[in-house]
Amino acid sequence: MVTLVVHHRVRDYAAWKLVFDEHEDVRRSHGETEHRVYRDRTDANRVVVHNDFPSVEAARAFAEDASLREAMERAGVEGEPGISYIDLAERKLYANALAPTS
């Protein structure tokens, strides 16, 4: 598995999220198995998305899909996104840990 990490600023999170959700079929057609969306605590229009794919080839194919650029424009993405491909090095779940407070 590889995670495609995308970070960018959007004009309006709610508008961006609608287009992101509409684009799910394209992500899934490239093999995406899961995604996680994060928002900056001080600027809710700064978004980070972790997209999990079965391989780096699948992740790159999605990142290069022609429909992605069009969807980003419709969604109000500002500037060029930051993109990286990462591999999970370690995961440890603390089952007894208290839930963080916001």
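Structural data are supplied above this passage.
First things first, this report covers the structure right here in the doc. (Residues numbered from 1 in each chain as written. Predicted model: local features only at pLDDT ≥ 70, side-chain atom pairs only at ≥ 80, totals over all residues. Heavy atoms only, no water.)

## With respect to the packing of helix H1 (residues 13-22) against helix H4 (residues 66-75)
Using the following cut-off: Throughout, an axis means a line fitted to C-alpha atoms (over the contacting stretch in the case of helices), and angles, computed between N-to-C directions, take values from 0 to 180 degrees. Labels follow the DSSP assignment, with helices taken as runs of H or I lasting at least four residues and strands as runs of E lasting at least two, numbered in each case from the N terminus. Any angle between 65 and 115 degrees counts as roughly perpendicular, while under 35 counts as roughly parallel, over 145 as roughly antiparallel, and the rest as oblique. Note: crossing handedness is left-handed where the near helix turns anticlockwise from the far helix by less than a right angle, and right-handed where it turns clockwise. Here, residues are in contact when the closest pair of their heavy atoms is within 4.5 Å. All amino acids are sorted into three groups, where Ala, Val, Leu, Ile, Met, Phe, Trp, Tyr, Cys and Pro are nonpolar, Asp, Glu, Lys and Arg are charged, and the leftover types, Gly among them, are polar.
Remark: H1 packs on H4, axes separated minimally by 8 Å, with the N-to-C direction vectors making an angle of 155°. Looking at the two axes, H1 sits roughly antiparallel to H4. In the packing of H1 onto H4, the handedness of the crossing is right-handed. On H4, the residues touching Ala 15, Trp 16, Val 19 and Glu 22 of H1 are Ala 71, Arg 74 and Ala 75. Counted by class, the contact of H1 with H4 contains five nonpolar, no polar and two charged residues.

## Details of helix H3 (residues 56-63)
In an α-helix, one full turn covers 3.6 residues, which means residues spaced three or four apart are oriented alike. Put simply, the rule reads: Only protein chains enter the accessibility calculation, which uses a 1.4 Å probe; a residue is then buried when its area is under 20% of its type maximum, exposed when over 50%, and partly exposed in between. Read the arc as the range of directions from the helix axis to the C-beta atoms.
Here H3 has its buried residues at Ala 58, Ala 59 and Phe 62. Buried residues of H3, viewed axially, fall in a sector of 100°; they line one side. Each element contacted by the buried residues of H3 is listed here: strand E1 (2-10), helix H2 (24-29), strand E3 (46-53), H4 and strand E4 (77-86).

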